[in-house]
2 protein chains.
Amino acid sequence: MRAVVLSIGTELVTGLRLDTHSADIARALSAVGLEVVRHETVDDRREDIASAFRRAAAEADVVVASGGLGPTLDDLTREGLADAMGVPLEENAAALAHLEAWARSHERPLSLSNRRQAMLPRGSRAIPNPVGTAVGVAARIGRARVYCMPGVPGEMALMLAEEVVPSLRGEASGRMMALRTVRTFGMAESVVGDRLGDLMAPDRRPHVGTAVRGGMIDVHIYAFGRPDDVAALLEADARSVRGRLGDAVFGEGETTMEQAVAATLADRRATVAVAESCTGGLVAAKLVSVPGISAYLVEAVVAYSDESKVRRLGVPEELLRVHGAVSEPVVRAMAEGMRRQSGADLAVADTGVAGPTGGSPAKPVGTVWFALADADGTAAAREIFTGDRALVRDRAANYALNMVRLRLALRGRS
Amino acid sequence: MRAVVLSIGTELVTGLRLDTHSADIARALSAVGLEVVRHETVDDRREDIASAFRRAAAEADVVVASGGLGPTLDDLTREGLADAMGVPLEENAAALAHLEAWARSHERPLSLSNRRQAMLPRGSRAIPNPVGTAVGVAARIGRARVYCMPGVPGEMALMLAEEVVPSLRGEASGRMMALRTVRTFGMAESVVGDRLGDLMAPDRRPHVGTAVRGGMIDVHIYAFGRPDDVAALLEADARSVRGRLGDAVFGEGETTMEQAVAATLADRRATVAVAESCTGGLVAAKLVSVPGISAYLVEAVVAYSDESKVRRLGVPEELLRVHGAVSEPVVRAMAEGMRRQSGADLAVADTGVAGPTGGSPAKPVGTVWFALADADGTAAAREIFTGDRALVRDRAANYALNMVRLRLALRGRS
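Cut-offs used in this document
- Residues numbered from 1 in each chain as written.
- Chains lettered and ligands numbered in written order.
- Predicted model: local features only at pLDDT ≥ 70, side-chain atom pairs only at ≥ 80, totals over all residues.
- Helix = DSSP H or I, 4+ residues; strand = E, 2+ residues; numbered from the N terminus.
- Rg over C-alpha atoms; globule rule 2.2 N^0.38 Å.
- Buried ≥ 20, exposed ≤ 12 C-beta atoms within 10 Å, placed from the backbone.
- Contact = placed C-beta atoms within 7 Å.
- Nonpolar A, V, L, I, M, F, W, Y, C, P; charged D, E, K, R; others polar.
- Pairing = 2+ DSSP bridges.
- Axes fitted to C-alpha atoms, helices over the stretch in contact; angles between N-to-C directions.
- Expected span 1.5 Å × (residues − 1).
- Arc of directions from axis to C-beta.
- Core = buried A, V, L, I, M, F, W, Y, C linked by C-beta atoms within 7 Å.
- Parallel < 35°, antiparallel > 145°, perpendicular 65-115°, else oblique.
- Left-handed = near helix turned anticlockwise from the far one by under 90°.
- Domains from an automatic or database assignment.
- Right-handed = clockwise from strand over helix to strand, strands pointing away.

Right, let's talk about the overall build of chain A for a bit. A count of helical and extended segments in chain A gives 15 helices and 17 strands. Here chain A has a C-alpha radius of gyration of 28 Å; the compact-globule value for 414 residues is 22 Å, and the former is much larger. The principal-axis extent of the C-alpha atoms belonging to chain A is close to 85 × 50 × 40 Å. The burial tally for chain A puts 54% of its 414 residues in the buried class. If you take every contact in chain A between residues at least 6 apart in sequence, the share linking residues at least 24 apart comes to 66%.

Below, the structure written as structure tokens:
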């Protein structure tokens, strides 16, 4: 069964408000086996709404819309839907009863604006709204089933979960969209593409695709089908993807780099300390986002000034003078000083030029030095990241975390 | 001029990834006077992409698309666009030169996957991408102008701002959507609503509405019209909103709390140091996101363990033993110790229970103590934030930054 998701609202079309409903609706529909083929976002204009409904109903079995069911005059989803169905609006008894009950329980008179909300297309059904005035609408345009939900986030989520999804479950013939995501770091997208080439052929099943998320490459593996059937298919592909991408794989699904690092620290019973310069606290902030990290993270120092590098981390002033703050000797001294002072098993450090200014021909914007110190010694690496200040810092923070992950992984193997 | 915004990607249609580009593109187009009539999101399927381009070009003067320009086989925007134009793909010399230069500067061979990115529809033009491999595409379908940008966030934003928007500016009819956003922190949405009540009447022009963004209340003031005309309208409302909301207002437009703090530090020529516990580096990371902050941020310490609070900040062990880490005496000692050791003019500190575990009846999850120390003394405050770990930490970091802002603002007045 094919589905189209509609969002209705001027503030969405103009970009003043971010549409998060379409993604939520699409995930919910996919999970019960519908194939979402398209989203569309249209203005609060009656004729635009009507033509969006007509277009969607012509190509899909199910149309799920949100927005435009409020009490004000710019809420025109009911009118647009009626036009697309070719019927007039009429007062819906169930909707009116809901509105009257709502007014009574809130000890308010039922306003004229609210009364508009009881006018539904002839032949449609009111969908209950337990938490607001805007009743939903269930209708048909030709053979397509149409559901309209209010745009208010809590009301939409409740109506989707309690009314719309249950009424579609079972219709979808036991098929579902199953997904596995293999997350990687440190391998270029083109290299991932080369290694996975045959798996990514457009007509292959399962479908394998890559997506860049926060400077990392995610490999999505997904297929429609019966649950047992697709689970086995996805498992085989996930194993193959992991094998081809090796150490670049840090986790699956929604696992973040910091969660992967925290899990590895817990597994190895190792503690870590962080000395940050250009990432400015981001490495620590990512680690602290993981509940329970206090057992493994001793402390972090954001030594943003040269003076702080000397005083807090024991970096010799001479190194800063001779090599500059963004250099291999300084980053090594930062990591070693941090490890000594904190008593942690590992210390990771970074220093770099996040931009937009401060670059030079020898050290262009994006240059970051990293060091990792542990009982086996200290390793250093230099990267040149592209992107703006925020991207450079985010990538640098992930790089530092990944160094910890790889070091602990190697240790596990030796 | 009418515009349609397209987003291309299976992970968007299925809801695996939230589409934020469409809103960003729509705002940018509206700001230069285009009327955005519709967004559409389609799958990475060649025929779906082609028909979306055809549909959009039939009804709009400008079509702006993002996504599907990567190197892998599931990136099919180039193919879909060529089909909609009725032309074949061919190797584009400018695109190839860009890819070769990119490979050289990154000291990598040009992979076969990357070479695909030079194949553009015949008759189209490559749009430069200064930060990635995916060149954009400018083309025509009939009379409609079409722009395709990569889906990678930083690359899309840069190409939109530097290439697409400039080439459209001046084309539009002289009417524009003008928007002013007044950003506030620390005042409840219902209080903001009460204070702005009359301005928020639905049929009033300009339209005034509130939106919660990252725990802050933004007040949007917007109107469609001729530039001079709407600018004066918005200016009057913005002044009124600022007056009614007082010190809760920290900035306008895209100004972040950290930018507001950095600007105030620069204005007062004051330096700051940060001692973080439950925010775990987030306060520092937010400050370091502002270019040039190195002149005002001395250093930060993430004293996540009790031991680190003693060793790095000089918090007396007895205070930790008697009052616990989440307490007023400890947070005061953290701020004062940080100020003493760093030599900064101000030091701000936090310690709290970010959750999900670690709460108690006396100190429930979300309890955070703050302190601010400067030459005038030390102030402390306690808040109980709601939300999950990430929200509690983000709100706490903003609260700490806001303390610095308010202290410096008061100082400016005395």
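That was the structure; now back to the text.
Attention now moves to the interface of chain B and chain A. On the chain A side, the residues contacting the 68 residues of chain B number 66 residues. Residues of the side of chain B that touches chain A, tallied by class, amount to 33 nonpolar, 22 polar and 13 charged. Note: strand β14 (residues 297-302) of chain A against strand β14 (residues 297-302) of chain B, three bridges, orientation antiparallel. Across the sheet, the residue bridging to V301 of chain A is V301 of chain B, located in β14 of chain B.

This part is about the sheet that holds strand β9 (residues 176-184) of chain A. All names here are of chain A. Spatially, four strands are ordered β10-β11-β9-β12 in an open sheet, and the strand pairing comes out antiparallel. In the strand order of this sheet, the two ends are held by β10 (207-213) and β12 (249-252), each with one partner. Each strand axis lies, on average, 25° off the axis of its neighbour in the sheet, ignoring direction. Two elements, β10 and strand β11 (residues 216-225), share seven bridges in a ladder whose sense is antiparallel. Counterpart to V212 in the pairing with β11 is I217.

Okay, helix α9 (residues 227-245) of chain A next. Residue and element names in this part refer to chain A. Its 19 residues place the ends of α9 26 Å apart at the C-alpha level, agreeing with the 27 Å of an ideal helix rising 1.5 Å per residue. Within the sequence span of α9, burial applies to V230, D237, V241 and L245. For α9, the buried positions fall inside an angular range of 65° around the axis, keeping them on one side. α9 presents D228, A232, E235, A236, R239 and G243 as exposed residues on the side facing more than 90 degrees away from its buried surface.

As a further point, take the environment of R169 of chain B. Mapped onto the fold, R169 of chain B is located in the loop between α7 (153-168) and β9 (176-184). Residues R169 of chain B and A31 of chain B, 138 residues apart in the sequence, show an inter-C-alpha distance of 9.3 Å.

Our focus in this paragraph is the nonpolar core. Grouped together as the largest cluster of nonpolar side chains are 166 residues, with contacts concentrated most on M334 of chain A together with M334 and V348 of chain B. Contact partners of V348 of chain B, with chain neighbours within four places excluded, come to V272, V274, V283, A335, L372, A400, M403 and V404 of chain B. The next biggest cluster of nonpolar side chains, apart from the first, holds 109 residues, and it includes A84 of chain A together with V42, A134 and A144 of chain B.

Moving on: the packing of helix α3 (residues 46-59) of chain B against helix α4 (residues 77-85) of chain B. Residues and elements named next belong to chain B. Where α3 contacts α4, the two axes come as close as 8 Å, and the packing angle between them is 50°. Here α3 lies oblique to α4, going by the angle between them. The chirality of how α3 crosses α4 is right-handed. Contacts from R46, I49, A50, F53, R54 and A57 in α3 reach T77, E79, G80, L81, D83 and A84 in α4.

Further remarks concern the environment of L297 of chain A. Tracing the chain through its elements places L297 of chain A in strand β14. Note: C-alpha distance between L297 of chain A and L265 of chain A (32 residues apart in sequence) is 9.1 Å. Among residues more than four places away in sequence, those in contact with L297 of chain A are V272, L287 and V288 of chain A together with Y304 of chain B.

With that settled, consider the domain arrangement of chain A. Assigned domains within chain A: domain 1 (2-168), domain 2 (176-252) and domain 3 (257-413). Computed from C-alpha coordinates alone, the two centres of domain 1 of chain A and domain 3 of chain A are separated by 50 Å.

Let's shift gears to the pairing of β14 of chain A. Residues and elements named next belong to chain A. Counting buried residues in β14 gives six out of six residues, a clear majority hidden from the surface. Pairing of strand β13 (residues 272-276) with β14 involves five bridges; the strand directions are parallel. Each residue of the ladder has a partner; that of A273, found in β14, is E299. For the crossover from β13 across helix α11 (residues 282-288) to β14, the handedness is right-handed.

The next subject is the environment of A236 of chain B. Topologically, A236 of chain B is positioned in helix α9 (residues 227-245). Between the C-alpha atom of A236 of chain B and that of A60 of chain B, which follows or precedes it by 176 residues, the distance is 34 Å.

The next subject is unusual backbone geometry. The omega torsion of the bond from G355 of chain A to P356 of chain A falls at 0°, within 30 degrees of zero and hence cis. Along the chain, P356 of chain A turns up in the loop between β15 (346-352) and β16 (367-374). Of note, R269 of chain B is a non-glycine position whose phi angle comes to about 50°, a positive value. As for its placement among the helices and strands, R269 of chain B is situated in the loop between α10 (257-268) and β13 (272-276). Owing to 9 C-beta atoms within 10 Å, R269 of chain B belongs among the exposed residues under this scheme.

As a further point, take the sheet that holds strand β7 (residues 136-141) of chain B. Sheet architecture is open: 12 strands sit in the order β6(A)-β7(A)-β8(A)-β3(A)-β1(A)-β2(A)-β2(B)-β1(B)-β3(B)-β8(B)-β7(B)-β6(B), paired in mixed fashion. Single-partner strands in this sheet number two, and they are β6 (125-127) of chain A together with β6 (125-127) of chain B. Taking each pair of neighbouring strands and ignoring which way they run, the sheet shows an average axis angle of 20°. Across five bridges, the pairing between β7 of chain B and strand β8 (residues 144-149) of chain B is antiparallel.

Below, the discussion takes up the pairing of strand β3 (residues 62-66) of chain A. In regular strands, side chains alternate between the two faces of the sheet. All names here are of chain A. Of all five residues in β3, five are buried; the element is thus mostly enclosed. The side-chain alternation of β3 yields two buried faces, one formed by V62, V64 and S66 and the other by V63 and A65. Across five bridges, the pairing between strand β1 (residues 2-8) and β3 is parallel. Residue pairing across strands places V4 opposite V63, the latter belonging to β3. As paired strands, β3 and strand β8 (residues 144-149) are joined by five bridges and run parallel to one another. By the bridge assignment for β8, S66 is matched with M149.

What follows is about helix α2 (residues 21-31) of chain B. Within α2 of chain B, eight of the 11 residues are buried, leaving the element largely enclosed by the surrounding structure. Those residues of α2 of chain B that fall on the buried side of the exposure criterion are H21, S22, A23, I25, A26, A28, L29 and S30 of chain B. The inward-facing, buried residues of α2 of chain B contact α1 (10-13) of chain A together with β1 (2-8), β2 (35-42), β3 (62-66), α7 and β9 of chain B. Just downstream of α2 of chain B, G33 of chain B is the residue with a positive phi angle, here 100°.

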